[in-house]
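Examination of the molecular architecture
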Amino acid sequence: MKKVLLGFVFLSFLAACTSEGEGDQPTTIMVNTSAFARADLLANWTDNIIIPSYESFSVAVQTLSEASIAFKADRNEANLTTLRSAWLAAYKSWQHVALFEVGPAEIKGLRLSVNSFPANVEKIISNSTSGDYDLNLSSNRSAKGFPALDYLLYGVAETDAEIVTFYAGTEGVIYTNYIEAIVSDIATLSNQVLADWKQGYNVTFKNNDGASATASVDRFVNDYIFYYEKFLRAGKLGIPLGVFSNTTLSGNVEAYYEGTVSNELFLEGLIAMQDFFNGVHFNSTEKGESLASYLDTLNEVKEGDDLAKIINNQFNTARTSVTALNAFRNEIENNAIPSNMLAAYDEVQRIVPLLKIDMVSAMSISIDFVDADGD
Amino acid sequence: MKSLINNHIKASTEAAPLAVFRILFGSMMLFSIIRFASYGWIEKLYIQPTFFFSYYGFNWVKPIGSYTYLLFAICGIAAFFIALGYRYKIAILVFFLSFTYIELMDKTTYLNHYYFVSILSFLLLFLPANCQFSIDAFRNPKKAFRYVPIWTINSIKLLLGVVYFYAGLAKLNSDWFLKAMPLKIWLPSKFDIPIIGDLLSEEWVHYAFSWSGAIYDLSIPFLLLHKKTRSFAFLMVVVFHVLTLVLFPIGMFPCIMIVSALIFFDANVHNKILESIARVLKLSRSSVNNNNFWKLGSRLKQKIVFSTLGLFFIGQLLIPFRYLLYPGELFWTEEGYRFSWRVMLMEKSGYAQFKIVDQKTARWFYVDNSDFLTPYQEKQMAFQPDFILAYAHFLKSHFEKDGHANVQVFVDCRVSLNGRLSTEYIDPKVDLGTIKESFSHKNWIIPFRDEIKGI
């Protein structure tokens, strides 16, 4: 209370002080920009983007689950094809929720449980054959999720015909059991996360609408940038491309065994990032409050560069250059120097400082919050 | 001139303000150390990191593993002894050395107020702050003095005045005055502060805070000096620092400044403070009832002390202006930025991606900074050229030890200053591995594209 009183005293002093000091200025400009309401931003994120994205993912996983049961029941080529397309659809849908690793997903460690690649083939085989495994163990993260399914659906033999034969045989049932277990693990985890979001965390997340390092916006923006930098930029592009290691690592490509969809998966992730930035409602063209509109509001006062536009332009450039690429595995394995992909990486990289420096400092959000004094 | 010396240096005055200052300073420092340790910052800032950013010429000052805790303990005990006035001379020397050592260990954590504590404790080395209301004076009445020469108190006032006035001078630039930067960025983000929160996104408030902040810093030393304005000035000190405490994460600094400003009050005020402390602690103040006058011993000693302090203050007045020796925009290059009371002047952040190149084969890879630096270190490194260079040198030697040959280090670094769009900061074609650190101008910094007018 004392602080508040003192604050008042000071403000009245300020008012007195500045009206004197501004003698030469024509008028004090009263810009009536109502402060940007972070509550509206959080509501749009929660109700129109995050929860609908998880719902859609949940449906895709359900379809995947049904396809895996059907394949187990009748291990024929048609059912394998259905299972594969269900896998790809769910994998693409996953790219639209992978960036929401806060709250329930963070607690469950959803991202690492569902999409740790490269898959650990030895472990997948030993788990399948022994039937003795606990998918909740973090040591099994690389033996489950979409990357394990990638191996199981595309990597167990050389050709599609051989894969069909592999599953049709008596050993096949062991592996279909494991497929079912993995799919069910994805379903359980993602349904829990969705349920938590709908029953409680939505309110918690929305109500934490302040401006501290632990407020929803500050934390989420940190996570959002972290996802972009570590998972999208480095995980899907940079690491397989070898930019951190001196040599290319094509085995680290996402969906390595399938071999042709890594660029599509990346683009899904990139679009999810950009749509989120612009507050585009899930599966719609409607827009709500967003990081972009927040920047626009701040800019009305600051009259600086149109940062939202600059960031969107760079998203577009990055998307165009990745779209022009072949599948990443192809780019990496069939070029002595994968220069097109390196050039695309540079465009993807250029978004990082725009988000991490320009956006964050415009919003005065502390990045990688460090609990220390400033001056 | 003679009367000036008599009035401000030689004249006799009651020692009570000095005693109060000593007690409060010691207590504050003890509290600061305890607070620092209780937040786990010793571990986080000095034990966990594998690499430390040294000050130029102080490479030998490094954290000493788990003994670092001992260092902090010694510093805290010294602060406690200062407050008690127990073996004051040794306590203040130990405090000055240990505190300064701690600050020199890693410049990542540089704060103006830590520097202030270091130089203030240096000044206190020469002052008879234990001549009253101290265990020293109580145990040995020969060490108790009621009166001291007024320079002992005025030197503290002068130092405080320099801090405020220079902080005000530093605000006389176009970003601060004409653009209300960086407050225009910082204040709106504090919208959730009760009552005034909504006002903080109003543009006029940003200007009001910027202007009144500068006026405050420039005028407060003089308002505190004059008896007529002193009470008002002290109220302003309290209000100003409490407000900064509410708005910004600046730790103990506001408290230290509020307490320090008490030195400007007359001895009566301080005698009352001492009496009330005595009452609370049920102590008698009999030891100060003598009328002794403290003097610096021999002529030689006087000469040494006065010339040391003279040089010290000349240094304090000149050091903040060393930036004039460098070309380019100070806020951008930061050449001569530290140790100059430039407080809360910039919203600056950067992003630095280092590239390790084999000069012969032209093979290269990027460095993941989180392999070597804590998030805090990375953040501080990314917009300060001396950090970038030190880190580049570290990377070079690290990868050479790792078996890489012909290592070149390049950086792709972008920096944003006071709301300007981020631009390239370091020449990406310069192999930082070949650059020597020195006090001369760093010509590999890409010049600032805009202009900030003013001091």
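Scroll up a little and you will see the structure.
What this report covers is the structure whose coordinates are included nearby. (Residues numbered from 1 in each chain as written. Chains lettered and ligands numbered in written order. Predicted model: local features only at pLDDT ≥ 70, side-chain atom pairs only at ≥ 80, totals over all residues. Heavy atoms only, no water.)

**Quick look at the overall build of chain B**
- Counting secondary structure elements, chain B contains 18 helices and 6 strands.
- Its C-alpha atoms give chain B principal-axis dimensions of about 80 × 50 × 45 Å.
- The burial tally for chain B puts 60% of its 455 residues in the buried class.
- Sequence separation of at least 24 residues holds for 73% of the intrachain contacts in chain B that already meet a minimum separation of 6.
- By element, 64% of the accessible surface of chain B is carried by carbon and sulfur atoms, the whole surface being about 19800 Å².
- Averaging the locations of the 46 positively and 31 negatively charged side chains of chain B gives two centres separated by 15 Å. (Helix = DSSP H or I, 4+ residues; strand = E, 2+ residues; numbered from the N terminus. Buried < 20%, exposed > 50% of the residue type's maximum accessible area, 1.4 Å probe, protein only. Contact = heavy atoms within 4.5 Å. Areas by Shrake-Rupley, 256 points an atom, 1.4 Å probe, with all protein chains shown as cover. Lys, Arg positive; Asp, Glu negative; His and termini not counted. Charge placed at Lys NZ, Arg CZ, Asp CG, Glu CD.)

**Some details on the overall build of chain A**
- Of the regular secondary structure elements, chain A holds 16 helices and 0 strands.
- For chain A, contacts bridging at least 24 residues in sequence account for 75% of all contacts bridging at least 6.
- Summed over its atoms, the accessible surface of chain A is roughly 15400 Å², and 51% of this surface lies on carbon and sulfur atoms.

**With respect to the packing of helix α10 (residues 216–241) of chain A against helix α15 (residues 339–349) of chain A**
All names here are of chain A.
- It is at 10 Å that the axes of α10 and α15 come closest, and there the two elements cross at 165°. Between α10 and α15, the crossing angle belongs to the class labelled roughly antiparallel. You can see that α10 and α15 cross each other, and the crossing is left-handed. Taken together, the residues of α15 that come into contact with α10 (itself represented by Tyr228, Arg233, Leu237, Gly238 and Leu241) are Met341, Leu342, Tyr345, Val348 and Gln349.
- Residues belonging to the contact of α10 with α15 are distributed by class as follows: 7 nonpolar, 2 polar and 1 charged. (Axes fitted to C-alpha atoms, helices over the stretch in contact; angles between N-to-C directions. Parallel < 35°, antiparallel > 145°, perpendicular 65-115°, else oblique. Left-handed = near helix turned anticlockwise from the far one by under 90°. Nonpolar A, V, L, I, M, F, W, Y, C, P; charged D, E, K, R; others polar.)

**Some points on a negative patch on the surface**
Residue and element names in this part refer to chain A.
- Taken together, the side chains of Asp296, Glu300, Asp305 and Asp306 present a region of like negative charge at the surface.
- Note that Asp296 resides in helix α12 (residues 291–302).
- Of the residues examined, Asp296 reaches a relative accessible area of 36% and is grouped as partly exposed. (Patch = residues over 30% accessible without salt bridge, like charges linked within 9 Å, V, L, I, M, F, W, Y side chains within 5 Å. Salt bridge = Lys/Arg side-chain N within 4 Å of Asp/Glu carboxyl O.)

**Brief notes about the sheet that holds strand β4 (residues 364–366) of chain B**
- Strand order in the open sheet formed by 4 strands is β4-β3-β5-β6 (chain B), with antiparallel pairing between adjacent strands. The two strands at the open ends of the sheet, each matched to only one other strand, are β4 and β6 (423–424) of chain B.
- In this structure, strand β3 (residues 348–358) of chain B lies alongside β4 of chain B, joined through 3 bridges in antiparallel fashion. Looking at β4 of chain B, one finds that Lys355 of chain B is bridged to Tyr366 of chain B.
- The sheet strands contacting helix α16 (residues 351–363) of chain A are β3 and β5 (407–417) of chain B, and the helix crosses β3 of chain B at an angle near 160°.
- In the packing of helix α18 (residues 385–401) of chain B onto the sheet, contacts are made with β3, β4 and β5 of chain B, and the angle to β5 of chain B comes to roughly 150°. (Pairing = 2+ DSSP bridges.)

**A word on the environment of Ser340 of chain B**
Residue and element names in this part refer to chain B.
- Following the sequence through the fold, Ser340 ends up in the loop between α16 (330–333) and β3.
- Distance in space between the C-alpha atoms of Ser340 and Phe321 is 7.8 Å, their sequence separation being 19 residues.
- Within polar-contact distance, the side chain of Ser340 engages the side chain of Arg322 at 3.3 Å. (Polar contact = N/O pair within 3.5 Å; in protein donor to acceptor, adjacent residues only side chain to side chain.)

**Notes on the side chain of Ser422 of chain B**
- Inspection of the secondary structure assignment puts Ser422 of chain B in the loop between β5 and β6.
- Leaving out residues up to four positions away in the same chain, Ser422 of chain B has contacts with Ile357 and Asp358 of chain A together with Arg414, Val415 and Ser416 of chain B.

**Considerations on the pairing of β3 of chain B**
Residue and element names in this part refer to chain B.
- Judged by how many residues are buried, β3 sits mostly within the fold: 9 of 11 residues are covered.
- Pairing of β3 with β5 involves 11 bridges; the strand directions are antiparallel. By the bridge assignment for β5, Tyr351 is matched with Arg414.
- Connecting β3 to the antiparallel partner β4 that follows it, the hairpin turn spans 5 residues, and Ala362 within it adopts a positive phi of roughly 65°.

**Things to note about the pairing of β5 of chain B**
Residue and element names in this part refer to chain B.
- Within β5, 9 of the 11 residues are buried, which leaves the element mostly enclosed by the surrounding structure.
- Bridge count between β5 and β6: 2 bridges; the pairing is antiparallel. Across the sheet, the residue bridging to Arg414 is Glu424, located in β6.
- The turn linking β5 back onto β6 is made up of 5 residues, and Asn418 within it adopts a positive phi angle of 45°.

**Examining the packing of helix α6 (residues 112–124) of chain B against helix α13 (residues 253–261) of chain B**
Residue and element names in this part refer to chain B.
- The interhelical angle for the contact between α6 and α13, taken along N-to-C directions, is 40°, at an axis separation of 10 Å. Relative to α13, α6 is oriented oblique. Where α6 crosses over α13, the two elements pack in a sense that is left-handed. For the pair α6 and α13, the contacting residues are His113, Phe116 and Val117 in the first and Phe253, Ile256, Met257 and Ser260 in the second.
- The residue inventory of the contact of α6 with α13, partitioned by class, reads 5 nonpolar, 2 polar and no charged.

**Notes on the pattern of salt bridges**
All names here are of chain A.
- Considering all chains together, one arrives at 29 salt bridges over all chains under this definition.
- Where Lys92 meets Glu264, a salt bridge forms, and the shortest distance between an N and an O atom there is 2.7 Å. Pair noted here: Lys92 is in helix α3 (residues 77–94) and Glu264 is in helix α11 (residues 262–278), with a separation of 172 residues, a long-range link.
- Accessibility expressed as a relative area gives 23% for Lys92, which makes it partly exposed.

**What to know about a positive patch on the surface**
- Residues Arg87, Lys89, Arg139, Lys143 and Lys301 of chain B make up a contiguous surface patch of positive charge.
- For Lys301 of chain B, a relative accessible area of 41% puts it in the partly exposed group.

**A short note on the environment of Ile273 of chain B**
Residues and elements named next belong to chain B.
- For Ile273, the location among the structural elements is in helix α14 (residues 267–281).
- For Ile273, a relative accessible area of 23% puts it in the partly exposed group.
- Taking C-alpha positions, Ile273 is 9.3 Å from Pro17, a pair spaced 256 residues apart along the chain.

**Observations concerning a nonpolar patch on the surface**
Residue and element names in this part refer to chain B.
- A surface patch of nonpolar side chains, amounting to about 470 Å² of accessible area, comprises Met1, Leu4, Ile5, Ile9 and Phe306.
- Sorting elements by how many residues they give to the nonpolar patch places helix α1 (residues 2–10) first, with 3 residues.
- Mapped onto the elements of the fold, Phe306 is located in helix α15 (residues 299–318).
- Exposure remark for Phe306: the relative accessible area of 34% places this residue in the partly exposed category.

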